[in-house]
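Structural characterization, general
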Amino acid sequence: MRISQIITSKSPTDETLPPLQSMVLDELNKRPEEVFDSSDEGLLRIFPRLKRSSLSWSLYLLHKRGLIGKERARVNGKLTTMFGSHEAIKELKRHLSRTD
């Protein structure tokens, strides 16, 4: 294993998170302009070994800890729960309020 493959803690909250949740949180924080549903294909491509259920649970638990945001939105006619960094969710809410 290369040293660069070892996940390091980037913030104080990462110390208490399991490695998978820490990786997902880091990825969401890198993308403050994007939101993702619980089985997002883009996130699954970033983490190819990740199962859909593991991604869904990670997003749910990160939201439950208050580390990411969540908003329900209609996407392609379906009501979907979207997750993202707090900044991304604020922007989504602004966008949804403009289109109402």
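Residues numbered from 1 in each chain as written. Predicted model: local features only at pLDDT ≥ 70, side-chain atom pairs only at ≥ 80, totals over all residues. Heavy atoms only, no water.

**Here we look at the overall build of the protein chain**
In terms of regular secondary structure, the protein chain is built from 4 helices and 3 strands. Counting helices and strands in the order they occur from the N terminus, the protein chain gives α-β-α-α-β-β-α. The proportion of buried residues among the 100 residues of the protein chain is 32%. For the protein chain, restricting intrachain contacts to residue pairs at least 6 apart in sequence, the fraction spanning at least 24 positions comes to 40%. Carbon and sulfur atoms make up 52% of the accessible area of the protein chain, which totals about 7,000 Å². (Helix = DSSP H or I, 4+ residues; strand = E, 2+ residues; numbered from the N terminus. Buried < 20%, exposed > 50% of the residue type's maximum accessible area, 1.4 Å probe, protein only. Contact = heavy atoms within 4.5 Å. Areas by Shrake-Rupley, 256 points an atom, 1.4 Å probe, with all protein chains shown as cover.)

**Looking at helix 3 (residues 52-64)**
For helix 3, which comprises 13 residues, the first-to-last C-alpha distance of 18 Å matches the rise-based estimate of 18 Å (1.5 Å per residue) to within 8%. Taken residue by residue, helix 3 has Leu55, Ser58, Leu59 and Leu62 as its buried positions. Summarising the axial view, the buried residues of helix 3 lie within an arc of 95 degrees, below the 170-degree limit, and thus occupy one face. The outward face of helix 3, more than 90 degrees from its buried face, is lined by the exposed residues Trp57 and Lys64. Taken together, the buried residues of helix 3 touch helix 1 (19-30), strand 1 (36-37), helix 2 (41-46) and strand 3 (78-84). With its phi angle positive at about 80 degrees, Gly66 sits one or two positions after the end of helix 3. (Expected span 1.5 Å × (residues − 1). Arc of directions from axis to C-beta.)

**Quick notes on the pattern of salt bridges**
Within this structure, the stated rule accounts for 7 salt bridges. Residue Glu34 pairs with Arg31 through a salt bridge whose shortest N-O separation is 3.1 Å. Residue class for Glu34 comes out partly exposed when judged on its relative accessible area of 29%. By relative accessible area, Arg31 is classed as partly exposed at 23%. Arg94 is paired through a salt bridge with Glu91; the nearest N and O atoms lie 2.6 Å apart. (Salt bridge = Lys/Arg side-chain N within 4 Å of Asp/Glu carboxyl O.)

Functional significance is not addressed by these values, which are geometric in nature.
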